Amino acid sequence: MKTIDELVTEGVAGKRVFVRADLNVPLAGDTITDDGRIRAAVPTILKLADAGARVVVASHLGRPKGAPEARFSLAPVARRLGELLAGTGGGAVTFAADTVGDSAKATVAALGDGEVTLLENLRFNPGETSKDDAERAAFADELAALADAYVGDGFGAVHRKHASVYDLPRRLPHAAGGLVATEVGVLKQLTDDVKRPYAVVLGGAKVSDKLAVIEQLLEKADRILIGGGMAYTFLKAQGHDVGDSLLQEDQVPAVRGYLERAKERGVEFVLPVDVVAADAFPDLATKAPAHPVTVAADAIPAQHMGLDIGPESQKLYAAKLADAATVFWNGPMGVFEHPDFAGGTRAIAQALTDSPAFTVVGGGDSAAAVRTLGFADDAFGHISTGGGASLEYLEGKTLPGLAALED
């Protein structure tokens, strides 16, 4: 992949450079609750602006159905991006009220050298996510008319075969942004040049979302620690009752097979020895006390659901991470949004910050969790901006957005 540094060296002054960023941030109304992805996009945007480019930034937000929806507008993101650029010496950010319509064309045409604009949500146009190649290509043609060059910097979207990610770079001179280059470099350290012992922590709700990556990790990792809702399918596979805990019954045979293969290969699987449970899912809006009980992992009461790993599991997991040279973590250990069930996720985050290992937080809910719980980004070796993209890379899949940049 050509890098942004090479593109800048070739000269971008006066050129319209389309930056496909990933500004898909969580919102409460029009308030951004975690601006990590916006901050991650700033270096590439600033580098182009400082080199005199006319920077056209574009992203998706949420999952609108191919038409404008006010709750998915990027207007709040434009304001925050402007604040962040101003804090680093950059200028104001203008905002186009559409993607390829009159507003976008006029806003881009008005750009001066070193100025930045943000287009409205790409997914307001059905061509962005269409599975029809012709419809997607037509939208990519309209986007290409707004630019002279393309920089792919939205790592969180590179696993999608979308118009702005896959089709557009094929129509313009293209390069990888600094964020994408960093993310790929980190992932290579987790696949091609791993320092051992290599420990992986997997959490989140559904075990089915992680089966493909577990398949690959059985060839790479020395130990795999399981938490979150997916842990209960593993416990069920070991023959334990899990009460009303989240369970994917249809995945039990596959999980049992992975446990057997791990034993054959000498890969250590670590499962919770105790859990924090409750008789109902907690109220995440009010954070009202949930009356949790801590029980052994093989003794979850009927009509109770496990919602976090327990204190003994937290100690066990910290000990299993203490001697690791490389740690990859994807997925919270419990319902971290509620204080009664945040202990497990906090314990993993603390273990990683205490570790001298190369530590990678695999984006998505994990990244949101560590920030919600008050951990600084620089306490970890790397916090990925793309949970799904990171997992698919580790699964060994070809990511369309990276393939397009490599051509």
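Residues numbered from 1 in each chain as written. Predicted model: local features only at pLDDT ≥ 70, side-chain atom pairs only at ≥ 80, totals over all residues. Heavy atoms only, no water.

1. Describing the overall build of the chain
The condition that has to hold: Only runs of H or I of at least four residues qualify as helices and only runs of E of at least two qualify as strands under DSSP, and these elements are numbered from the N terminus. To get the radius of gyration, use the C-alpha atoms; to get the globule rule, take the number of residues to the power 0.38 and multiply by 2.2 Å. Using a 1.4 Å probe on the protein chains alone, a residue whose accessible area is under 20% of its type maximum counts as buried, one over 50% counts as exposed, and one in between counts as partly exposed.
Assigned secondary structure in the chain consists of 15 helices and 17 strands. The globule rule puts the C-alpha radius of gyration for 407 residues at 22 Å, and the 22 Å found for the chain is close to it. Along the first, second and third principal axes, the C-alpha atoms of the chain reach 65 × 45 × 40 Å. For the chain, with 407 residues in total, the buried portion stands at 56%.

2. Here's the deal with empty space enclosed by the protein
Unfilled space is identified by rolling a water-sized probe across the atoms. Short version of the rule: The pocket and cavity definitions rest on a 1 Å grid over protein atoms only: a 1.4 Å probe that fits but cannot leave marks a cavity, an open set with protein on both sides within 12 Å along at least five of seven lines marks a pocket, and residues lining either have an atom within 4 Å of a point. Grid points are joined across faces, edges and corners, and a volume is the space filled by probe spheres set on the points. Residues are grouped as follows: Ala, Val, Leu, Ile, Met, Phe, Trp, Tyr, Cys and Pro are nonpolar; Asp, Glu, Lys and Arg are charged; every other residue, Gly included, is polar.
Summed over the entire model, instances satisfying the criterion amount to one cavity of 30 Å³ or more. Taken as a whole, the largest cavity holds about 50 Å³ of empty space. Taken together, R20, Y150, G152, D153, G154, A157, V158, V165, V180, G401 and L405 make up the full set of residues lining the largest cavity. For the lining of the largest cavity, the elements supplying multiple residues, two or more each, are β7 (149-152) and α15 (400-406). Residue composition of the lining of the largest cavity, by class: six nonpolar, three polar and two charged.

3. What about the pairing of strand β4 (residues 54-58)?
Put simply, the rule is: For two strands to be treated as a pair, DSSP must find at least two bridges joining them.
Burial analysis of β4 places four of its five residues in the buried class, the great majority of the element. Summarising the sheet, strand β1 (residues 16-20) and β4 pair through five bridges and their orientation is parallel. Directly across from V17, in β4, lies its bridge partner V55.

4. A short note on the packing of aromatic side chains
The criterion, for reference: Aromatic rings from Phe, Tyr and Trp, with only the six-membered ring used for Trp, were paired whenever their centres fell within 6.5 Å, and each pair was classed as stacked if the ring planes differed by under 30 degrees, edge-to-face if by over 60, and tilted otherwise.
Counted by the stated rule, this structure contains three aromatic pairs. Measuring from ring centre to ring centre gives 5.6 Å for F234 and F269, while their planes differ by 35°; the resulting arrangement is tilted. With F234 in helix α9 (residues 231-237) and F269 in strand β11 (residues 268-270), the pair connects residues that are 35 residues apart, well separated along the chain. When sorted by exposure, F234 lands in the same class as F269, which is buried.

5. What about the pattern of salt bridges?
Which entries qualify depends on this criterion: Here, a salt bridge means any side-chain nitrogen of Lys or Arg that lies within 4 Å of a carboxyl oxygen of Asp or Glu.
Applying the stated criterion across every chain yields a total of 24 salt bridges. For D377, the salt bridge is made with R39, and the minimal N-O distance between the two is 3.7 Å. Remark: R39 occurs in helix α2 (residues 36-50) and D377 occurs in the loop between α13 (364-372) and β17 (382-383); sequence separation between them is 338 residues. On the accessibility criterion, R39 (35% relative accessible area) is partly exposed.

6. Things to note about the sheet that holds strand β5 (residues 93-95)
Where we set the bar: Only C-alpha atoms enter the line fits that serve as axes; for helices the fit covers just the stretch in contact. Angles between N-to-C directions range over 0 to 180 degrees. Contact definition: two residues touch when any of their heavy atoms are within 4.5 Å.
Strands sit in the order β5-β6-β4-β1-β7-β8 across an open sheet of six strands; the sheet is parallel. In the strand order of this sheet, the two ends are held by β5 and β8 (174-176), each with one partner. Pairwise comparison of adjacent strand axes, ignoring direction, gives a mean angle of 25° for this sheet. Where β1 and β7 come together, four bridges link them in parallel fashion. Directly across from F18, in β7, lies its bridge partner Y150. Lying on the sheet, α2 is in contact with β1, β4, β6 (116-118) and β7; it crosses β4 at an angle near 160°.

7. So, helix α11 (residues 311-322)
Stated precisely, the cut-off is as follows: The span you would expect from a helix comes to 1.5 Å times its residue count less one. The reported arc concerns the directions from the helix axis to the C-beta atoms and nothing else.
The end-to-end C-alpha separation of α11 is 17 Å, in line with the 16 Å expected for twelve residues at 1.5 Å each. For α11, the full list of buried residues reads S313, Y317 and L321. Taken around the axis of α11, the buried residues stretch over an arc of 70°, which confines them to a single face. Away from the buried face of α11 by more than 90 degrees, exposed residues K315, A319 and A322 are located.

8. Notes on the side chain of E395
Of note, E395 is situated in the loop between α14 (387-394) and α15. Sequence-distant contacts of E395, defined by excluding residues within four places in its chain, comprise A212, V213 and Q216.

9. Some details on the packing of α2 against helix α3 (residues 75-87)
So the rule is basically this: Roughly parallel means an angle under 35 degrees; roughly antiparallel means over 145; roughly perpendicular covers 65 to 115; every other angle is labelled oblique. Should the near helix be turned anticlockwise from the far one by less than a right angle, the crossing is termed left-handed; should it be turned clockwise, right-handed.
At a minimum axis separation of 10 Å, α2 and α3 run at an interaxial angle of 60°. The angle between α2 and α3 places the two elements in the oblique class. You can see that α2 and α3 cross each other, and the crossing is right-handed. Mapping the contact onto sequence places I38, R39, V42, I45 and L46 in α2 and V77, R80, L81, L84 and L85 in α3. Each residue belonging to the contact of α2 with α3 can be placed in one class, and the counts come to eight nonpolar, no polar and two charged.

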